[in-house]
Amino acid sequence: MIVFTATLTAKPGKEKELERALVDMVESVESEEGALAYVLHRSKEFPERFFFYEKYVDQKAWEFHDSTLYMKRLLEKLDSLLGEEIKIDHYEELASVSR
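An account of the accompanying structure is given in this report. (Residues numbered from 1 in each chain as written. Predicted model: local features only at pLDDT ≥ 70, side-chain atom pairs only at ≥ 80, totals over all residues. Heavy atoms only, no water.)

## A short note on the pattern of salt bridges
This model, assessed by the stated rule, comprises 5 salt bridges. Of the charged contacts in the structure, one is a salt bridge between Lys55 and Glu93, with a shortest N-O distance of 2.8 Å. Highlighted residues: Lys55 in strand β3 (residues 49-56) and Glu93 in the segment after β4 (87-91), separated in sequence by 38 residues. Since its relative accessible area comes to 13%, Lys55 is described here as buried. Classification of Glu93 by relative accessible area gives partly exposed; the value is 29%. Between Asp89 and Lys87 there is a salt bridge, with the nearest N and O atoms lying 2.6 Å from each other. In this structure Asp89 comes out as partly exposed when scored by relative accessible area, which is 25%. (Salt bridge = Lys/Arg side-chain N within 4 Å of Asp/Glu carboxyl O. Helix = DSSP H or I, 4+ residues; strand = E, 2+ residues; numbered from the N terminus. Buried < 20%, exposed > 50% of the residue type's maximum accessible area, 1.4 Å probe, protein only.)

Okay, here's the thing in structure tokens:
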């Protein structure tokens, strides 16, 4: 199991455009069999900040996700939307509650 988080911060005035691009990404990832969770959040304190929680069955599933055309298109869009570099962290799941 592979878990990633990604924090993205919009340039001033680009918050809605970034939100649309990220929501579209969630809809695209829905068809990926190896993606167990792909959850988008927005900060209540900093509305320009977005946070993804991503969980994949294995490295191969993550590599597939990372190589998709829709991921490449998103990365191209992000150049004009982000005010800071994407912060990505990789985690090992130790315990969880699933319902």
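## Some words on the pairing of strand β2 (residues 35-42)
Relative to β3, β2 runs antiparallel, the two sharing 7 bridges. The residue bridging Leu40 from the neighbouring strand is Phe52, located in β3. (Pairing = 2+ DSSP bridges.)

## What about the packing of aromatic side chains?
The full count for this structure, using the stated rule, is 2 aromatic pairs. Seen in terms of ring centroids, Phe4 and Trp62 are 5.0 Å apart; in terms of plane orientation they differ by 25°. Their pairing is stacked. Pair noted here: Phe4 is in strand β1 (residues 2-9) and Trp62 is in helix α2 (residues 59-67), with a separation of 58 residues, a long-range link. A residue is classified by how much of its surface remains accessible, and Phe4, at 11% relative accessible area, is buried. Seen from their ring centres, Tyr38 and Phe52 are 4.7 Å apart, and the 40° between their planes marks the pair as tilted. Highlighted residues: Tyr38 in strand β2 and Phe52 in strand β3, separated in sequence by 14 residues. (Phe/Tyr/Trp six-rings, centres within 6.5 Å; stacked < 30°, edge-to-face > 60°.)

## With respect to the sheet that holds β2
Spatial ordering of the open sheet is given by β2-β3-β1-β4, a layout of 4 strands whose pairing is antiparallel. Edge strands, defined here as strands with exactly one partner in the open sheet, are β2 and β4. Across this sheet, the average inter-strand angle for adjacent strands is 15°, counted without regard to direction. Bridge count for β1 against β3 is 8 bridges, and the pairing is antiparallel. (Axes fitted to C-alpha atoms, helices over the stretch in contact; angles between N-to-C directions.)

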